[in-house]
Amino acid sequence: MRGKETVRDMVLSLTVIGVVAAAIYVFGIPHDDGDKGKGVKTVDYRVEVDTARRAAPYPVAAPEKGSLPKGWRATSVTYQPGTTEDKGAAWHLGFLDQDQEYIAIEQSDGRPVPFIEDVTQQARETKAKQEIGGHEWVRYEGDKYDALVRREPGVTTVVTGTASYGQLAKMAAALKAEKAEKAEKTEKG
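These numbers come from a predicted model, not from an experiment.

Chemist: Quick question: what am I supposed to make of the pattern of salt bridges here?
Modeler: If the charged atoms of two oppositely charged side chains come close together, the side chains can form a pair. Within this structure, the stated rule accounts for five salt bridges. Its salt-bridge partner being Arg150, residue Glu152 comes within 3.1 Å of it at the nearest N-O pair. With relative accessibility at 32%, the residue Glu152 sits in the partly exposed group. We classify Arg150 as buried; its relative accessible area is 11%.

Encoded structure:
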């Protein structure tokens, strides 16, 4: 009878291993539920905005507090000082909207055409223009990103991403461009 017990024990052991493996799969391994952006960390960008506004040679654009729809969250922020005339000082602030679509504010005082091509991932200028907040923005269409672009003397501002033009316009309307005063501290005595 020893052979039947061995087969029965082996089947029971495999069943237990299968149950444990299924439990680990269901409860222990993260799965892609189609919720893009859920694992992306939110960043607080206020310190970086203040720092960039002091360092940048142009007014740095960022959304005013409370100006974005509920559910929008900042996910990335960088400022890089200009290294050459071609590659000017660059400001980046990335967001996910409530539908987990990407929207970024990009600014530079470098050469506009290569900058726009880079940050929009080769989006092409259209003839469509849109007035937002008293400023004229030009629409760009791309395979990956669409964009709203505003060129001014000394700075190019781009609102780009996977979001719709309506969402990009909401971001453009929320922007406030400021340059911080460079405070000179003098201590006496």
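Read on, since the account is not over.
Chemist: I would appreciate a short explanation of the pairing of strand E1 (residues 60-63) in the present structure.
Modeler: Regular strands have side chains that alternate between both faces of the sheet. By the alternation rule, side chains of E1 split into Val60 and Ala62 and Ala61 and Pro63, which are all buried. Bridging between E1 and strand E9 (residues 175-178) involves four bridges; their strand directions are antiparallel. The residue bridging Pro63 from the neighbouring strand is Leu175, located in E9.

Chemist: Which parts of the structure should I look at to understand the sheet that holds strand E7 (residues 146-152)?
Modeler: Either a parallel or an antiparallel arrangement is found when strands of a sheet pair, and the pairing is made through backbone hydrogen bonds. The strand order across the open sheet built from seven strands is E2-E3-E4-E8-E7-E6-E5, with neighbouring strands paired in antiparallel fashion. In this open sheet, the two strands that pair with only one neighbour each are strand E2 (73-80) and strand E5 (124-132). Averaged over all neighbouring strand pairs, the angle between strand axes comes to 20°, with direction disregarded. Here strand E6 (residues 135-141) pairs with E7 via three bridges, running antiparallel. In the sheet register, Tyr140 faces E7, and the bridge partner there is Ala147. Contacts from helix H4 (residues 165-174) reach strand E3 (90-96), strand E4 (102-108), E5, E6, E7 and strand E8 (155-161) within the one sheet, and its direction differs from that of E7 by about 35°.

Chemist: Explanation requested: the packing of aromatic side chains in the structure shown.
Modeler: Between two aromatic rings, the relevant description is the distance of the centres plus the angle of the planes. Applying the stated criterion across every chain, the model contains two aromatic pairs. Considering the side-chain rings of Tyr45 and Phe95, the 5.7 Å spacing of their centres and the 75° angle between planes classify their relative orientation as edge-to-face. Here Tyr45 is found in the loop between helix H1 (2-28) and helix H2 (46-55), whereas its partner Phe95 is found in strand E3, with 50 residues between them in sequence. Judged by centre distance (5.8 Å) and plane angle (40°), the ring pair of Tyr102 and Tyr145 falls under tilted. Of the two residues, Tyr102 sits in strand E4 while Tyr145 sits in the loop between E6 and E7, which places them 43 residues apart along the sequence.

Chemist: What is the right way to look at the pairing of E5 in this model?
Modeler: Of the pairings in the sheet, the one linking E5 to E6 comprises six bridges and is antiparallel in character. Note on E6: the bridge partner recorded for Arg124 is Glu141. In this antiparallel pair of consecutive strands, E5 and E6, the connection spans two residues, and Gly133 shows a positive phi of 60°.

Each value, and the rule that gives it
Residues numbered from 1 in each chain as written. Predicted model: local features only at pLDDT ≥ 70, side-chain atom pairs only at ≥ 80, totals over all residues. Heavy atoms only, no water. Salt bridge = Lys/Arg side-chain N within 4 Å of Asp/Glu carboxyl O. Buried < 20%, exposed > 50% of the residue type's maximum accessible area, 1.4 Å probe, protein only. Helix = DSSP H or I, 4+ residues; strand = E, 2+ residues; numbered from the N terminus. Pairing = 2+ DSSP bridges. Axes fitted to C-alpha atoms, helices over the stretch in contact; angles between N-to-C directions. Contact = heavy atoms within 4.5 Å. Phe/Tyr/Trp six-rings, centres within 6.5 Å; stacked < 30°, edge-to-face > 60°.

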